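What follows is each chain in one-letter form.
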Amino acid sequence: MTQTATSPCPVRAVLFDKDGTLIDFQKTWGPWAVRAIRDLAAQTGHEAAQIAQTLQIDLATQMFHPDSPVIAGTPDDLVELLRPYMPTLSSREILTRITPAEGDFQLWPVEGLAAMHATLRDAGIVQGVVTNDFESETLRQIEDLGLSGVFDVVVGYDSGHGGKPAPDGCLAAARALGVTPQATVMVGDSLHDLRAGRAAGMRTVAVLTGVATQADLAPHADVVLTSVADLPAWLTAQGDA
């Protein structure tokens, strides 16, 4: 891990991205995306390889490329990417077609997730989620992960504050938690997460459980950690936990 900056303001809140931060992005969404692409190709007559190229995912390995627009994009972004393959459908119909149903995918939580959350809770640090996914889907997945009692606020891209990299969702979450941005850390696996946190005036922590590399993330983060499991130790080193 590489530390790049510290701050004298004690941390009172931590905000987490979801996919790639709390959940292993490739293991959770790679297999589902490949199945969805093959189904879409069969339904529309397009080549699966062409759709996969648009989404920047390898059909053989079932892994997204680092520059895939899916990684940090919103559902609306995904609709626009796939619109050429479903030109006769409305945005709502496309969104319905590509939204995974419960049971269509397996969530892969990052190792050490529950212990990390418990350590922060015991240190008096409140926690929230700011994601570019739907708020309702995020709440359902949090419940499936057994973390329903962990987060005091969940902000999705459709919660009324827009999506990352704009800072509005992060700022709204901090307000809901009753903390200042300066006392808040934003944790994420993508540049969207880090740019949103920085623009909100928060400290930013990057994790390597998504697709981006340390070289990609380090210039935009106060620290790069292997995963959120390392967060309590970093906070302790800062005197915050």
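Residues numbered from 1 in each chain as written. Predicted model: local features only at pLDDT ≥ 70, side-chain atom pairs only at ≥ 80, totals over all residues. Heavy atoms only, no water.

### With respect to the overall build of the protein chain
Summing up its helical and strand segments, the protein chain has 10 helices and 9 strands in all. Here the protein chain has a C-alpha radius of gyration of 18 Å; the compact-globule value for 241 residues is 18 Å, and the two agree. Taking the principal axes of its C-alpha atoms as reference, the protein chain extends roughly 60 × 30 × 30 Å. Put simply, the protein chain has 241 residues, and 50% of those count as buried. The contacts of the protein chain with a sequence gap of at least 6 include a subset with a gap of at least 24, amounting to 65%. Just so you have it, the protein chain exposes about 10600 Å², and 52% of that area is on carbon and sulfur atoms. Considering the protein chain, the positive charge centre built from 15 side chains and the negative charge centre built from 29 side chains are found 2 Å apart. (Helix = DSSP H or I, 4+ residues; strand = E, 2+ residues; numbered from the N terminus. Rg over C-alpha atoms; globule rule 2.2 N^0.38 Å. Buried < 20%, exposed > 50% of the residue type's maximum accessible area, 1.4 Å probe, protein only. Contact = heavy atoms within 4.5 Å. Areas by Shrake-Rupley, 256 points an atom, 1.4 Å probe, with all protein chains shown as cover. Lys, Arg positive; Asp, Glu negative; His and termini not counted. Charge placed at Lys NZ, Arg CZ, Asp CG, Glu CD.)

### Details of the state of the cysteines
Summed over all chains, the structure comprises 0 disulfides. Distance from the sulfur of C9, which forms no disulfide, to the nearest cysteine sulfur (C170) is 16 Å. (Disulfide = S-S within 2.5 Å.)

### Side note on helix α1 (residues 25-44)
Note that an α-helix has 3.6 residues per turn; residues three or four places apart therefore point the same way. Taking 1.5 Å per residue, 20 residues should reach 28 Å; α1 reaches 27 Å between its end C-alpha atoms and fits that length. Among the residues of α1, those classed as buried are F25, Q26, T28, W29, G30, W32, A33, V34, I37, L40 and A41. Close packing links the buried residues of α1 with α2 (48-55), β3 (57-58), β4 (63-64), α3 (75-82), α4 (91-98) and α6 (135-144). Where α1 begins, one side-chain oxygen reaches toward the backbone nitrogen of Q26, 3.3 Å away; that side chain belongs to D24. With its phi angle positive at about 85 degrees, G45 sits one or two positions after the end of α1. (Expected span 1.5 Å × (residues − 1). Polar contact = N/O pair within 3.5 Å; in protein donor to acceptor, adjacent residues only side chain to side chain.)

### Notes on unusual backbone geometry
In the segment running from K164 into P165, the intervening peptide bond is cis, with an omega of 20 degrees. Residue position: P165 is located in the loop between β6 (153-155) and α7 (168-177). Despite not being glycine, Q62 shows a phi value in the positive range, around 60 degrees. With respect to the secondary-structure elements, Q62 resides in the loop between β3 and β4. A relative accessible area of 30% places Q62 in the partly exposed class.

### Quick look at the pairing of strand β7 (residues 184-188)
Remember that side chains alternate between the two faces of the sheet whenever the strand is regular. Along β7, 5 of the 5 residues are buried, which leaves the element largely enclosed by surrounding structure. Side chains T184, M186 and G188 of β7 all project onto a buried face; the interleaved residues V185 and V187 project onto the opposite face, where all are buried too. Pairing analysis gives 4 bridges linking β7 to strand β8 (residues 203-207), with the strands arranged parallel. Bridge assignment links V187 to a residue of β8, and that residue is V205. (Pairing = 2+ DSSP bridges.)

### Regarding the packing of aromatic side chains
The final tally for this structure, using the stated rule, is 5 aromatic pairs. Between W29 and W32, the ring centres sit 5.8 Å apart and the planes meet at 80 degrees, which makes this aromatic pair edge-to-face. With a gap of 3 residues between them, W29 and W32 both fall in helix α1, about one helical turn apart. For the pair W29 and W32, a shared accessibility class is recorded, and that class is buried. Here the aromatic cluster, defined as three or more aromatic residues joined through ring pairs, consists of W29, W32 and F105. (Phe/Tyr/Trp six-rings, centres within 6.5 Å; stacked < 30°, edge-to-face > 60°.)

All quantities given are derived from atomic positions and should not be read as evidence of function.
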